Amino acid sequence: MRLVLLGPPGAGKGTQAGVLCNTYSLMHMSTGDLLREAVKNNSPVGVQAKSYMDKGELVPDEIVTRMITEKLKKQDVSDGFILDGFPRTKNQAQILEAALNDLNLPLDMVVYFDTNEETILKRLTGRRICRDCGKIFHITNIPPKKDGICDACEGELYQRDDDKEETIKNRIKVYNKQTSDLIDYYGQKKILNKVSGDLDVDELFEVLKNTFEKSGLK
Ligand code: AMP
């Protein structure tokens, strides 16, 4: 199946993407992860992207669309994929559509994770990520067994620089201004499915599984 996960930061897209990719053997493509990797490696893309990411602004479309279209061309995505955090603008959505049409692999579904600002703030300020394997934890909702240590690989857990309250507030503003229009865009294409991002990880996974079954997606 070929999915886009759409929704504000902190709606649970990354966590569900991890679970869904394992369950359905899909390729996970997160522009946020790719950009953080580029920043860590100090690559030309990373150097360009960092100042936008630190402020919670969107990285220019040319950079992210190039990253995704190159990945789509290079990797075999015919068994299915999840795009998480991409597209974030109508221009990105149109470029994605053209690239997928060229590959004859159109999107099956866009899942919109609906949630509110209070939940987002609680989720993101408490979010912790494994430096080694990228697994996502939360200090109260999904606590690791040992403080600060990843359950899966014993890597160190860290807090993202942009998961600080002021930056989170700007990321929400940016989402409302630049990304939320995609709800209508995909709604008109009749591939949008709305789910509640307020559910816990297991509940939301069950909802998603049922949604896919009903739509005949495997
Ligand atoms: P995320 O991990 O999806 O929350 O993304 C972290 C940051 O990376 C965002 O706040 C943006 O600065 C940047 N970013 C990720 N995906 C995109 C995208 N599709 N378009 C523009 N900027 C992006």
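Data block above holds the structure.
Everything numeric in this text was worked out from a predicted model, so none of it was measured. (Residues numbered from 1 in each chain as written. Predicted model: local features only at pLDDT ≥ 70, side-chain atom pairs only at ≥ 80, totals over all residues. Heavy atoms only, no water.)

**Student:** For this particular structure, what's the right way to read the sheet that holds strand 6 (residues 136–138)?
**Tutor:** Two strands in a sheet stick together by hydrogen bonds in their backbones, pointing the same way (parallel) or opposite ways (antiparallel). Overall, antiparallel pairing links the three strands, which are arranged 6-5-7 in an open sheet. If you trace the sheet from one side to the other, it starts and ends with strand 6 and strand 7 (157–158), each paired once. Strand direction decides the pairing type here: strand 5 (residues 127–130) and strand 7, joined by two bridges, are antiparallel. In the strand pairing of strand 7, Ile129 is matched with Tyr158. (Pairing = 2+ DSSP bridges. Helix = DSSP H or I, 4+ residues; strand = E, 2+ residues; numbered from the N terminus.)

**Student:** It is not clear to me how the nonpolar core should be interpreted in this structure. Could you clarify?
**Tutor:** Across soluble globular proteins, nonpolar side chains show a tendency to be buried alongside one another. Counting residues in each nonpolar core, the largest one holds 30 residues, and the members touching the most others are Leu35, Leu72, Leu83, Leu96, Leu107 and Tyr186. Listed by contribution, the elements that provide at least two residues to this core are strand 1 (2–6), helix 3 (44–55), helix 4 (61–74), strand 3 (81–84), helix 5 (90–102), strand 4 (109–114) and helix 8 (181–188). The biggest single contributor to this core is helix 4, with five residues. Ignoring any residue separated from it by four or fewer positions in sequence, one finds Leu107 in contact with Arg2, Leu3, Val4, Phe81, Leu96, Leu100, Tyr186 and Ile191. Counting 18 residues, the second largest nonpolar core, distinct from the first, contains Leu26, Met109, Leu204 and Phe205. (Core = buried A, V, L, I, M, F, W, Y, C linked by side-chain atoms within 4.5 Å. Buried < 20%, exposed > 50% of the residue type's maximum accessible area, 1.4 Å probe, protein only. Contact = heavy atoms within 4.5 Å.)

**Student:** Help me understand the state of the cysteines in this model?
**Tutor:** Where two cysteines share a covalent bond between their sulfur atoms, that bond is called a disulfide. Under the counting rule described, the total for this entry stands at zero disulfides. Sulfur of Cys130: no disulfide; nearest cysteine sulfur belongs to Cys153 and is 3.5 Å away. Here Cys130 falls in the buried class, since its relative accessible area comes to 3%. Sulfur of Cys150: no disulfide; nearest cysteine sulfur belongs to Cys133 and is 3.7 Å away. What makes Cys150 buried here is its relative accessible area of 2%. (Disulfide = S-S within 2.5 Å.)

**Student:** It is not clear to me how the packing of helix 1 (residues 13–24) against helix 9 (residues 201–214) should be interpreted in this structure. Could you clarify?
**Tutor:** Each packed pair of helices is defined by two parameters, the angle between the axes and the distance between the axes. Between helix 1 and helix 9, whose axes approach to 11 Å, the crossing angle comes to 55°. Relative to helix 9, the element helix 1 lies oblique. As helix 1 runs across helix 9, the sense of the crossing is right-handed. For the pair helix 1 and helix 9, contact is made by Thr15, Gln16, Val19, Leu20, Thr23 and Tyr24 and by Val201, Leu204, Phe205, Leu208, Lys209 and Phe212, respectively. Across the contact of helix 1 with helix 9, the residue classes break down as eight nonpolar, three polar and one charged. (Axes fitted to C-alpha atoms, helices over the stretch in contact; angles between N-to-C directions. Parallel < 35°, antiparallel > 145°, perpendicular 65-115°, else oblique. Left-handed = near helix turned anticlockwise from the far one by under 90°. Nonpolar A, V, L, I, M, F, W, Y, C, P; charged D, E, K, R; others polar.)

**Student:** Can you walk me through the site of the ligand in this structure?
**Tutor:** Among the 16 residues in the neighbourhood of the ligand, the closest are listed as Thr31, Arg36, Glu57, Arg88 and Gln92. Between Val59 and the ligand, the recorded distance is 3.0 Å, taken from a backbone N or O atom to a nitrogen atom. Gly85 is positioned with one of its backbone polar atoms (N or O) 3.0 Å from a nitrogen atom of the ligand. Computed on the free molecule, the ligand has an accessible area of 480 Å², of which 96% lies beneath the protein chains in the complex. (Near = heavy atom within 4 Å. Polar contact = N/O pair within 3.5 Å; in protein donor to acceptor, adjacent residues only side chain to side chain. Areas by Shrake-Rupley, 256 points an atom, 1.4 Å probe, with all protein chains shown as cover.)

**Student:** In this structure, what is going on with the pairing of strand 3? I would like to understand it.
**Tutor:** Successive side chains on a regular strand alternate, one facing one side of the sheet and the next facing the other. Side chains Phe81 and Leu83 project from strand 3 onto one buried face, and the interleaved Ile82 and Asp84 project onto a second face that is buried too. Pairing between strand 1 and strand 3: four bridges, direction parallel. By the bridge assignment for strand 3, Leu5 is matched with Asp84. Where strand 2 (residues 27–30) lies against strand 3, four bridges are found, and the strand directions are parallel. In the strand pairing of strand 3, Ser30 is matched with Asp84.

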